[in-house]
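Structural description and commentary
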Amino acid sequence: MSSIKENIDNINKQIFDTAISCGRKPEDIQLIAVSKKKNSDTILEGIKAGACHLGENYIQEAIDKINLIGKDKACWHFIGHLQSNKAKFAVQYFEYIHTVDTVKLAKEINKQAEKINKVQKILLQVNIAQEETKSGANTKEAIDLVKQLCSLTNLSLQGLMCMPPYFSDPEQARIYFKQLFQIKEKIIANQFDNVSMKHLSMGMSNDFKVAIQEGATMVRVGTAIFGSRN
Ligand SMILES: *Cc1c(COP(=O)(O)O)cnc(C)c1O
């Protein structure tokens, strides 16, 4: 079995090669090591091996681990479903929240960020394949949401996030990555104030290379770094 360090090196090399082969700058693509269900020692091993961006899905689990590891040891990304009543903690602990999908949640994050004088970086989650089981806004809702977010001064909208269905053949995910890119272009064309669309958070262990070819700036990789969960 390969070590966490070997896995990270290997993925960074694949990110580099994929970027070059499609005419993109490798430094424009950020690897987020997804550490849900992995303990703090495993995460520290990842950090030592060069993972500086970490992704977590569950607030309480994340808080416990971040308190052990140290908030300043990495840049923390919240990538799980977020309930409004947990927004306060997400704002305290995370530099980015990738999963904003309703006005209600956005307003609560804004309110909590204001309390601690923070401008919270967020991404909007789009339910790109319109799956019943997944959260996220549809295309129309996403654009409406952006309109309503512009005026919330303690939020900094940075881009879009999606999680297409799992396919064993990653080529099948390509159409969804293309769609997220197109929604981003639509939002840019509207020229909203206070809105940056610099990030597309898309691509996981199985399909991150296809996502990079379609414009991903953040890839969220768990299994291929830390091994399978449970
Ligand atoms: C778990 C998870 C990932 C990582 O998935 P892997 O297939 O293990 O790479 C990425 N994004 C989200 C939102 C996740 O929940």
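This is a predicted model, so every value here is computed, not measured.

1. Comments concerning the overall build of the chain
Looking only at helices and strands, the chain features nine helices and eight strands. Taken over the C-alpha trace, the chain has a radius of gyration of 17 Å; the compact-globule value for 230 residues is 17 Å, and the two agree within 12%. Residues classed as buried in the chain amount to 53% of the 230 residues present. For the chain, contacts bridging at least 24 residues in sequence account for 61% of all contacts bridging at least 6. Just so you have it, the chain exposes about 11,200 Å², and 48% of that area is on carbon and sulfur atoms. Between the centroid of the 30 positive side chains of the chain and the centroid of its 25 negative side chains there is a distance of 3 Å.

2. Concerning the packing of aromatic side chains
The final tally for this structure, using the stated rule, is two aromatic pairs. Aromatic pair Phe78 and Phe94: ring centres 5.2 Å apart, planes at 70°, arrangement edge-to-face. With Phe78 in strand β3 (residues 75-78) and Phe94 in the loop between α4 (87-93) and β4 (96-100), this pair connects stretches of sequence that are 16 residues apart. Like Phe78, the residue Phe94 is buried in the burial classification. Considering the side-chain rings of Phe167 and Tyr176, the 6.3 Å spacing of their centres and the 5° angle between planes classify their relative orientation as stacked. With a relative accessible area of 19%, Tyr176 lands in the buried category.

3. Observations concerning the pattern of salt bridges
Counted according to the given criterion, the structure contains twelve salt bridges. Salt-bridge contacts for Lys140 lead to Asp144; the nearest nitrogen and oxygen are separated by 3.1 Å. Here the residue Lys140 and the residue Asp144 both occupy positions in helix α6 (residues 139-149), the gap between them amounting to four residues, near one helical turn. A residue is classified by how much of its surface remains accessible, and Lys140, at 60% relative accessible area, is exposed. A salt bridge links Arg174 to Glu214; the shortest N-O distance between them is 2.7 Å. In this pair, Arg174 is assigned in helix α7 (residues 174-189) and Glu214 in the loop between α8 (208-213) and β8 (218-221), connecting sequence segments 40 residues apart. Side by side, Arg174 and Glu214 carry an identical accessibility label, which is buried.

4. Points about unusual backbone geometry
The phi dihedral of Lys37 is positive, around 65°, even though this residue is not glycine. Considering the arrangement of structural elements, one finds Lys37 in the loop between β1 (30-34) and α2 (40-48). In the Ramachandran plot, Gln130 falls in the positive-phi region, its phi being about 50° despite a non-glycine side chain. Counting through the fold element by element, Gln130 comes out in the loop between β5 (120-126) and α6.

5. Regarding the site of the ligand
Around the ligand, 13 residues are found, and the nearest of them are Lys36, Asn57, Ser205, Gly222 and Thr223. In the environment of the ligand, an oxygen atom lies 2.5 Å from a nitrogen or oxygen atom belonging to the side chain of Thr223. The contact in question runs from an oxygen atom of the ligand to an N or O atom on the side chain of Arg229, over 2.9 Å. In the complex, 90% of the free accessible area of the ligand, which totals 380 Å², lies under the protein chains. Of all the cavities here, the one that holds the ligand is the largest pocket. When the residues that make up the shell around the ligand are grouped by side-chain class, the tally is six nonpolar, four polar and three charged.

Parameters and conventions
- Residues numbered from 1 in each chain as written.
- Predicted model: local features only at pLDDT ≥ 70, side-chain atom pairs only at ≥ 80, totals over all residues.
- Heavy atoms only, no water.
- Helix = DSSP H or I, 4+ residues; strand = E, 2+ residues; numbered from the N terminus.
- Rg over C-alpha atoms; globule rule 2.2 N^0.38 Å.
- Buried < 20%, exposed > 50% of the residue type's maximum accessible area, 1.4 Å probe, protein only.
- Contact = heavy atoms within 4.5 Å.
- Areas by Shrake-Rupley, 256 points an atom, 1.4 Å probe, with all protein chains shown as cover.
- Lys, Arg positive; Asp, Glu negative; His and termini not counted.
- Charge placed at Lys NZ, Arg CZ, Asp CG, Glu CD.
- Phe/Tyr/Trp six-rings, centres within 6.5 Å; stacked < 30°, edge-to-face > 60°.
- Salt bridge = Lys/Arg side-chain N within 4 Å of Asp/Glu carboxyl O.
- Near = heavy atom within 4 Å.
- Polar contact = N/O pair within 3.5 Å; in protein donor to acceptor, adjacent residues only side chain to side chain.
- 1 Å grid on protein atoms, 1.4 Å probe; cavity = no way out; pocket = protein on both sides within 12 Å on 5 of 7 lines; lining within 4 Å.
- Sits in = over half its atoms within 2 Å of the grid points.
- Nonpolar A, V, L, I, M, F, W, Y, C, P; charged D, E, K, R; others polar.

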